[in-house]
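# Reading the structure
Single-letter residue listing:
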Amino acid sequence: MKKKLMIIIVVLLTIAFNVFSQSNEKIELTNYSGKLKQIAGNWFLNTGEDIVELSLAPDEFLKDNNIELTSKMEVSLNGIMQEDELVVHSFIIDGNEFKIRDESGKALWKIKPYYVIPDKCIGCRLCVSPCPQGAITMVKGIAVIDADKCDGDGICVLGDGKRYKGCPVDAIKQVK
Ligand code: SF4
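All of these numbers come straight from a predicted model, not from anything done at the bench.

About the criteria used
- Residues numbered from 1 in each chain as written.
- Predicted model: local features only at pLDDT ≥ 70, side-chain atom pairs only at ≥ 80, totals over all residues.
- Heavy atoms only, no water.
- Pairing = 2+ DSSP bridges.
- Helix = DSSP H or I, 4+ residues; strand = E, 2+ residues; numbered from the N terminus.
- Near = heavy atom within 4 Å.
- 1 Å grid on protein atoms, 1.4 Å probe; cavity = no way out; pocket = protein on both sides within 12 Å on 5 of 7 lines; lining within 4 Å.
- Sits in = over half its atoms within 2 Å of the grid points.
- Nonpolar A, V, L, I, M, F, W, Y, C, P; charged D, E, K, R; others polar.
- Salt bridge = Lys/Arg side-chain N within 4 Å of Asp/Glu carboxyl O.
- Contact = heavy atoms within 4.5 Å.
- Core = buried A, V, L, I, M, F, W, Y, C linked by side-chain atoms within 4.5 Å.
- Buried < 20%, exposed > 50% of the residue type's maximum accessible area, 1.4 Å probe, protein only.

## With respect to the pairing of strand E8 (residues 136–139)
Of the strand pairs in this sheet, E8 and strand E9 (residues 142–145) are connected by four bridges, and their pairing is antiparallel. Bridge assignment links Met138 to a residue of E9, and that residue is Ala143.

Here is the structure:
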């Protein structure tokens, strides 16, 4: 009986330790510098060796924090490469760091998630793969956006600057 109790305590302590270490997990960031470039409304960084697409914050949030981006501007930023996109966590401007995401990568701006109007959706699936957060899935032939995953970037409505031009039947709206 005592042995069983000990095993249960050890298992519970292990689970608690894992949950605690995951919640305190910090993302390893890399510093990148180069010149900004805007193409079809999306921002890219030309590092001299490569041109990478940036995942930033909404224009409104950047403006409120006095981060004004212009093409050909030299920037230094901290971020992490995710697939073929550089997710920006902070900018270094005049030696000062301006954060747009916290240590765990969570956006520091208030997110207004997008949602699909089920009666309008024609189930074409076009919006599913362009979402960088993987927030859109098909449920019974209708697109559904997971509000917890949505980071409000609006790609589902505005298009991804490549082949996806946004929902063809205007079925996606943003929470006001
Ligand atoms: S693009 Fe529009 S119509 Fe097509 S699946 Fe997504 S929400 Fe539905």
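Moving on, there is more to tell.
## A look at the site of the ligand
Around the ligand there are 13 residues in total, and Cys121, Cys124, Arg125, Cys127 and Cys167 lie nearest to it. Placement of the ligand is best described as lying within the largest cavity. A class-by-class count of the residues in the shell around the ligand yields 11 nonpolar, one polar and one charged.

## Some details on the pattern of salt bridges
Under the counting rule described, the total for this entry stands at four salt bridges. Of the charged contacts, one joins Lys99 and Glu103 as a salt bridge, the two residues approaching to 3.2 Å between their closest N and O atoms. The salt bridge involving Asp170 is made with Lys173; its shortest N-O contact spans 3.1 Å.

## Comments concerning the side chain of Ser55
Relative to the elements of secondary structure, Ser55 occurs in strand E3 (residues 51–55). With residues near it in sequence (within four places) discarded, Ser55 still touches Glu85, Leu86, Val87, Val88 and Arg101.

## Some words on the pairing of strand E1 (residues 30–39)
As paired elements, E1 and strand E4 (residues 74–82) share six bridges and run antiparallel to each other. When the sheet's bridge partners are listed, Asn31 is paired in E4 with Asn78. Where E1 lies against strand E2 (residues 42–46), five bridges are found, and the strand directions are antiparallel. Residue pairing across strands places Lys35 opposite Asn46, the latter belonging to E2. Where E1 folds back on E2, the antiparallel hairpin that results is connected by two residues, among which Ala40 adopts a positive phi of roughly 50°.

## With respect to the nonpolar core
Judged by nonpolar contacts, the single largest core of 20 residues is most densely connected at Leu45, Leu54, Leu69, Leu77, Phe91 and Ile100. Contributing elements (two or more residues each) for this core: E1, E2, E3, helix H2 (59–64), E4 and strand E5 (85–93). No other element matches the three residues that E5 contributes to this core. Once you skip the residues sitting within four places of it in the chain, Phe91 turns out to touch Leu56, Leu62, Ile67, Leu69, Ser76, Leu77, Asn96, Glu97, Phe98 and Ile100. In terms of nonpolar packing, the next biggest core, distinct from the first, is built from 14 residues, Cys127, Ile136, Cys150 and Ala171 among them.

Function cannot be read off these values alone, since they describe shape.
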